Amino acid sequence: MTPDIFPLVAGNWKMNGERDKLDQLALMAQGVDEELADNVDVVVCPPSTLLYVATTLSEDTGLQVGAQDCHNEASGAHTGDISAEMIKDCLADYCIVGHSERRVDHGESDFHVAGKAQACWRAELTAIICIGETEAEYDAGKAEDVLSRQIAMSVPEGATEDDTIIAYEPVWAIGTGKTPSPDDVKAIHAFIREELAQKFGGHGERMRILYGGSVKPANAAELLSVENVDGALVGGASLKAEDFLAICDVYRKL
Ligand code: PGA
(Lines give C-alpha, C1' and ligand atoms only; values in the text may rest on other atoms or scores of the structure.)
Protein backbone atom coordinates (compact mmCIF):
# COMPACT_ATOMS: atom_id res chain seq x y z
CA MET A 1 0.00 0.00 0.00
CA THR A 2 1.06 3.56 -0.59
CA PRO A 3 -0.87 6.36 1.12
CA ASP A 4 -3.17 8.16 -1.34
CA ILE A 5 -2.74 5.58 -4.10
CA PHE A 6 -5.95 3.75 -5.02
CA PRO A 7 -5.08 0.06 -5.41
CA LEU A 8 -5.88 -2.23 -8.32
CA VAL A 9 -6.11 -6.00 -8.64
CA ALA A 10 -6.02 -7.41 -12.17
CA GLY A 11 -6.68 -11.02 -13.15
CA ASN A 12 -4.71 -12.30 -16.13
CA TRP A 13 -6.43 -15.36 -17.57
CA LYS A 14 -3.63 -15.90 -20.12
CA MET A 15 -4.60 -18.48 -22.80
CA ASN A 16 -7.29 -20.00 -20.58
CA GLY A 17 -11.03 -19.72 -20.82
CA GLU A 18 -13.63 -20.79 -23.33
CA ARG A 19 -17.23 -19.60 -23.14
CA ASP A 20 -17.96 -22.01 -20.30
CA LYS A 21 -15.74 -19.83 -18.06
CA LEU A 22 -18.09 -16.89 -18.49
CA ASP A 23 -20.05 -18.05 -15.46
CA GLN A 24 -16.92 -17.30 -13.38
CA LEU A 25 -16.72 -13.86 -14.93
CA ALA A 26 -20.39 -13.23 -14.12
CA LEU A 27 -19.74 -14.29 -10.52
CA MET A 28 -16.83 -11.86 -10.34
CA ALA A 29 -19.04 -9.08 -11.66
CA GLN A 30 -21.61 -9.92 -8.99
CA GLY A 31 -18.94 -10.04 -6.30
CA VAL A 32 -17.51 -6.58 -6.97
CA ASP A 33 -20.13 -4.73 -4.97
CA GLU A 34 -20.09 -1.05 -4.22
CA GLU A 35 -18.17 -1.45 -0.99
CA LEU A 36 -15.38 -3.37 -2.72
CA ALA A 37 -15.29 -1.04 -5.73
CA ASP A 38 -14.95 1.90 -3.32
CA ASN A 39 -11.72 0.34 -2.00
CA VAL A 40 -10.04 -1.20 -5.03
CA ASP A 41 -10.18 -1.25 -8.84
CA VAL A 42 -10.92 -4.83 -9.92
CA VAL A 43 -10.01 -5.77 -13.50
CA VAL A 44 -10.28 -9.06 -15.34
CA CYS A 45 -8.22 -9.69 -18.49
CA PRO A 46 -9.73 -12.66 -20.38
CA PRO A 47 -8.47 -13.91 -23.75
CA SER A 48 -9.39 -11.53 -26.58
CA THR A 49 -11.96 -14.02 -27.89
CA LEU A 50 -14.06 -13.29 -24.78
CA LEU A 51 -13.33 -9.60 -24.50
CA TYR A 52 -16.52 -8.13 -25.89
CA VAL A 53 -18.80 -10.55 -24.14
CA ALA A 54 -16.86 -9.87 -20.92
CA THR A 55 -17.50 -6.13 -21.11
CA THR A 56 -21.15 -6.83 -21.90
CA LEU A 57 -21.47 -9.13 -18.88
CA SER A 58 -19.78 -6.64 -16.55
CA GLU A 59 -21.64 -3.58 -17.80
CA ASP A 60 -23.11 -1.55 -14.92
CA THR A 61 -21.14 -3.58 -12.38
CA GLY A 62 -17.93 -2.69 -10.51
CA LEU A 63 -15.88 -5.20 -12.54
CA GLN A 64 -13.61 -3.64 -15.16
CA VAL A 65 -12.11 -5.40 -18.18
CA GLY A 66 -8.71 -5.42 -19.86
CA ALA A 67 -6.87 -7.24 -22.64
CA GLN A 68 -3.58 -9.13 -22.43
CA ASP A 69 -1.63 -7.61 -25.32
CA CYS A 70 -2.00 -5.32 -28.33
CA HIS A 71 -0.14 -4.45 -31.53
CA ASN A 72 1.52 -1.06 -31.65
CA GLU A 73 -0.28 0.00 -34.83
CA ALA A 74 -3.96 0.92 -35.08
CA SER A 75 -4.77 -1.34 -38.06
CA GLY A 76 -3.15 -2.96 -41.07
CA ALA A 77 -1.58 -6.12 -42.46
CA HIS A 78 -0.69 -7.88 -39.20
CA THR A 79 -2.37 -11.27 -39.34
CA GLY A 80 -3.51 -12.54 -35.96
CA ASP A 81 -2.80 -9.34 -34.07
CA ILE A 82 -5.27 -7.01 -32.41
CA SER A 83 -4.89 -3.27 -31.96
CA ALA A 84 -5.46 -1.14 -28.89
CA GLU A 85 -8.27 0.53 -30.85
CA MET A 86 -9.99 -2.85 -31.30
CA ILE A 87 -9.69 -3.47 -27.57
CA LYS A 88 -11.22 -0.07 -26.86
CA ASP A 89 -13.94 -0.88 -29.39
CA CYS A 90 -14.77 -3.92 -27.22
CA LEU A 91 -15.32 -1.38 -24.41
CA ALA A 92 -12.33 -2.53 -22.36
CA ASP A 93 -10.30 0.01 -20.38
CA TYR A 94 -6.93 -1.65 -19.74
CA CYS A 95 -4.30 -3.64 -21.61
CA ILE A 96 -1.37 -5.63 -20.22
CA VAL A 97 1.83 -5.12 -22.25
CA GLY A 98 5.28 -6.66 -21.95
CA HIS A 99 4.27 -9.71 -19.93
CA SER A 100 7.33 -11.93 -19.56
CA GLU A 101 5.52 -14.73 -21.43
CA ARG A 102 5.17 -12.43 -24.44
CA ARG A 103 8.74 -11.19 -24.09
CA VAL A 104 9.90 -14.84 -24.25
CA ASP A 105 7.33 -16.50 -26.56
CA HIS A 106 7.21 -13.63 -29.07
CA GLY A 107 10.65 -12.12 -28.66
CA GLU A 108 9.24 -8.78 -27.55
CA SER A 109 11.95 -6.30 -26.64
CA ASP A 110 11.70 -3.28 -24.35
CA PHE A 111 11.36 -1.21 -27.53
CA HIS A 112 8.31 -3.22 -28.67
CA VAL A 113 6.77 -2.96 -25.22
CA ALA A 114 7.16 0.83 -25.16
CA GLY A 115 5.44 1.01 -28.58
CA LYS A 116 2.56 -1.06 -27.28
CA ALA A 117 2.21 1.16 -24.21
CA GLN A 118 2.01 4.20 -26.48
CA ALA A 119 -0.62 2.42 -28.57
CA CYS A 120 -2.66 1.93 -25.38
CA TRP A 121 -2.47 5.65 -24.62
CA ARG A 122 -3.46 6.51 -28.21
CA ALA A 123 -6.61 4.37 -27.78
CA GLU A 124 -7.26 5.72 -24.28
CA LEU A 125 -6.50 2.43 -22.56
CA THR A 126 -4.53 2.27 -19.34
CA ALA A 127 -1.31 0.33 -20.01
CA ILE A 128 -0.28 -2.27 -17.44
CA ILE A 129 3.44 -2.54 -18.22
CA CYS A 130 5.12 -5.69 -16.88
CA ILE A 131 8.72 -5.82 -15.74
CA GLY A 132 10.67 -8.46 -13.83
CA GLU A 133 13.92 -10.38 -13.69
CA THR A 134 14.45 -14.03 -14.57
CA GLU A 135 15.70 -16.59 -12.08
CA ALA A 136 19.23 -16.49 -13.58
CA GLU A 137 19.29 -12.70 -13.33
CA TYR A 138 18.04 -12.89 -9.74
CA ASP A 139 20.67 -15.48 -8.80
CA ALA A 140 23.39 -13.34 -10.39
CA GLY A 141 22.32 -10.37 -8.26
CA LYS A 142 21.23 -8.44 -11.37
CA ALA A 143 17.55 -7.85 -10.54
CA GLU A 144 17.95 -4.10 -9.98
CA ASP A 145 19.96 -3.63 -13.19
CA VAL A 146 17.32 -5.47 -15.19
CA LEU A 147 14.45 -3.52 -13.65
CA SER A 148 16.23 -0.25 -14.13
CA ARG A 149 16.76 -1.02 -17.84
CA GLN A 150 13.18 -2.19 -18.29
CA ILE A 151 11.82 0.97 -16.67
CA ALA A 152 14.13 3.16 -18.76
CA MET A 153 13.27 1.41 -22.05
CA SER A 154 9.76 -0.10 -21.71
CA VAL A 155 7.99 2.77 -19.98
CA PRO A 156 7.73 5.63 -22.48
CA GLU A 157 8.43 9.28 -21.69
CA GLY A 158 5.32 11.10 -20.58
CA ALA A 159 3.81 8.19 -18.60
CA THR A 160 1.48 9.30 -15.82
CA GLU A 161 -0.44 7.64 -13.01
CA ASP A 162 -3.61 8.04 -15.11
CA ASP A 163 -2.45 6.09 -18.17
CA THR A 164 0.16 3.69 -16.80
CA ILE A 165 0.45 0.98 -14.17
CA ILE A 166 3.65 -0.95 -13.51
CA ALA A 167 3.44 -4.66 -12.70
CA TYR A 168 6.54 -6.13 -11.09
CA GLU A 169 6.58 -9.86 -11.77
CA PRO A 170 9.73 -11.80 -10.93
CA VAL A 171 9.71 -14.39 -13.71
CA TRP A 172 10.79 -17.12 -11.27
CA ALA A 173 7.65 -16.51 -9.19
CA ILE A 174 5.16 -16.78 -12.07
CA GLY A 175 3.13 -19.97 -11.89
CA THR A 176 5.69 -21.62 -9.59
CA GLY A 177 4.13 -21.16 -6.16
CA LYS A 178 7.33 -19.36 -5.11
CA THR A 179 7.21 -15.74 -3.98
CA PRO A 180 9.84 -13.36 -2.68
CA SER A 181 9.66 -12.71 1.07
CA PRO A 182 7.69 -9.62 2.13
CA ASP A 183 11.02 -7.96 3.02
CA ASP A 184 12.38 -8.63 -0.47
CA VAL A 185 9.14 -7.35 -2.03
CA LYS A 186 9.42 -4.23 0.10
CA ALA A 187 12.99 -3.57 -0.98
CA ILE A 188 12.41 -4.16 -4.68
CA HIS A 189 9.18 -2.12 -4.80
CA ALA A 190 10.99 0.73 -3.02
CA PHE A 191 13.68 0.51 -5.71
CA ILE A 192 11.05 0.59 -8.48
CA ARG A 193 9.36 3.58 -6.83
CA GLU A 194 12.67 5.47 -6.74
CA GLU A 195 13.36 4.73 -10.40
CA LEU A 196 9.86 5.85 -11.39
CA ALA A 197 10.12 9.03 -9.31
CA GLN A 198 13.48 9.82 -10.88
CA LYS A 199 12.15 9.37 -14.40
CA PHE A 200 8.62 10.74 -14.04
CA GLY A 201 8.79 13.02 -10.99
CA GLY A 202 5.48 13.32 -9.12
CA HIS A 203 3.80 11.05 -11.67
CA GLY A 204 6.26 8.31 -10.74
CA GLU A 205 5.50 8.84 -7.07
CA ARG A 206 1.79 8.35 -7.75
CA MET A 207 1.97 5.50 -10.30
CA ARG A 208 0.54 2.18 -9.14
CA ILE A 209 3.07 -0.62 -8.74
CA LEU A 210 1.46 -4.08 -8.71
CA TYR A 211 3.14 -7.24 -7.49
CA GLY A 212 2.61 -10.37 -9.60
CA GLY A 213 3.77 -13.98 -9.29
CA SER A 214 1.94 -16.75 -7.40
CA VAL A 215 -0.45 -14.41 -5.58
CA LYS A 216 -3.14 -16.54 -3.92
CA PRO A 217 -5.82 -16.01 -1.28
CA ALA A 218 -3.43 -17.48 1.31
CA ASN A 219 -0.59 -14.99 0.71
CA ALA A 220 -2.50 -11.96 -0.60
CA ALA A 221 -2.95 -10.13 2.71
CA GLU A 222 0.75 -10.35 3.51
CA LEU A 223 1.93 -9.27 0.05
CA LEU A 224 -0.64 -6.52 -0.42
CA SER A 225 0.11 -4.88 2.91
CA VAL A 226 3.76 -4.25 1.90
CA GLU A 227 4.72 -0.62 1.35
CA ASN A 228 4.67 0.43 -2.32
CA VAL A 229 2.63 -2.62 -3.33
CA ASP A 230 -0.44 -0.98 -4.81
CA GLY A 231 -2.25 -4.11 -5.92
CA ALA A 232 -1.63 -7.39 -7.68
CA LEU A 233 -1.49 -8.99 -11.10
CA VAL A 234 -2.93 -12.46 -10.57
CA GLY A 235 -2.62 -15.35 -13.01
CA GLY A 236 -3.74 -18.84 -11.98
CA ALA A 237 -5.78 -17.71 -8.98
CA SER A 238 -7.85 -15.34 -11.15
CA LEU A 239 -9.56 -18.15 -13.05
CA LYS A 240 -11.93 -18.98 -10.20
CA ALA A 241 -14.23 -16.21 -9.00
CA GLU A 242 -14.02 -17.40 -5.41
CA ASP A 243 -10.22 -17.19 -5.29
CA PHE A 244 -9.98 -13.96 -7.23
CA LEU A 245 -12.60 -12.24 -5.08
CA ALA A 246 -10.89 -13.53 -1.91
CA ILE A 247 -7.71 -11.75 -3.04
CA CYS A 248 -9.61 -8.52 -3.83
CA ASP A 249 -11.39 -8.78 -0.46
CA VAL A 250 -8.09 -8.10 1.29
CA TYR A 251 -8.76 -4.43 0.52
CA ARG A 252 -12.21 -4.63 2.07
CA LYS A 253 -10.55 -5.69 5.31
CA LEU A 254 -7.43 -3.50 5.27
P1 PGA B 1 0.56 -16.50 -11.52
O2 PGA B 1 0.77 -15.56 -12.81
O3 PGA B 1 -0.30 -15.71 -10.56
O4 PGA B 1 -0.13 -17.72 -12.05
O5 PGA B 1 1.91 -16.77 -10.95
C6 PGA B 1 0.97 -14.18 -12.69
C7 PGA B 1 1.12 -13.55 -14.06
O8 PGA B 1 1.85 -14.10 -14.90
O9 PGA B 1 0.54 -12.49 -14.35
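What you are looking at is a predicted structure, and each value in this text was computed from that prediction instead of being measured.

Caption draft 1: Here's a closer look at the sheet that holds strand S8 (residues 231-234). Within the closed barrel, the 8 strands sit side by side as S1-S2-S3-S4-S5-S6-S7-S8. Their pairing is parallel. Across the sheet, the mean angle separating the axes of adjacent strands is 25° when strand polarity is ignored. Bridge count for strand S4 (residues 94-97) against strand S5 (residues 126-131) is 4 bridges, and the pairing is parallel. For Tyr94, the partnering residue across the bridge sits in S5 and is Thr126.

Caption draft 2: Geometry of the packing of aromatic side chains. The tally for this structure, following the rule as stated, stands at 2 aromatic pairs. Where Tyr138 meets Trp172, the ring centres are 4.7 Å apart and the plane angle is 40°; that geometry is what we call tilted. A residue pair is termed long-range when its members are at least 10 positions apart, and Tyr138 in helix H7 (residues 135-139) and Trp172 in the loop between strand S6 (164-168) and helix H9 (182-200) qualify at 34 residues.

Caption draft 3: The site of the ligand, seen in detail. If you check the shell around the ligand, you find 13 residues, and the closest are Lys14, His99, Glu169, Gly175 and Ser214. Ser214 places a polar main-chain atom, nitrogen or oxygen, 2.8 Å from an oxygen atom of the ligand. The contact in question runs from an oxygen atom of the ligand to an N or O atom on the backbone of Gly235, over 2.8 Å. About the coverage of the ligand: the protein hides 95% of its 290 Å² of free accessible area. Tallied by class, residues from the shell around the ligand come to 4 nonpolar, 7 polar and 2 charged.

Each value, and the rule that gives it
Residues numbered from 1 in each chain as written. Predicted model: local features only at pLDDT ≥ 70, side-chain atom pairs only at ≥ 80, totals over all residues. Heavy atoms only, no water. Pairing = 2+ DSSP bridges. Helix = DSSP H or I, 4+ residues; strand = E, 2+ residues; numbered from the N terminus. Axes fitted to C-alpha atoms, helices over the stretch in contact; angles between N-to-C directions. Phe/Tyr/Trp six-rings, centres within 6.5 Å; stacked < 30°, edge-to-face > 60°. Near = heavy atom within 4 Å. Polar contact = N/O pair within 3.5 Å; in protein donor to acceptor, adjacent residues only side chain to side chain. Areas by Shrake-Rupley, 256 points an atom, 1.4 Å probe, with all protein chains shown as cover. Nonpolar A, V, L, I, M, F, W, Y, C, P; charged D, E, K, R; others polar.

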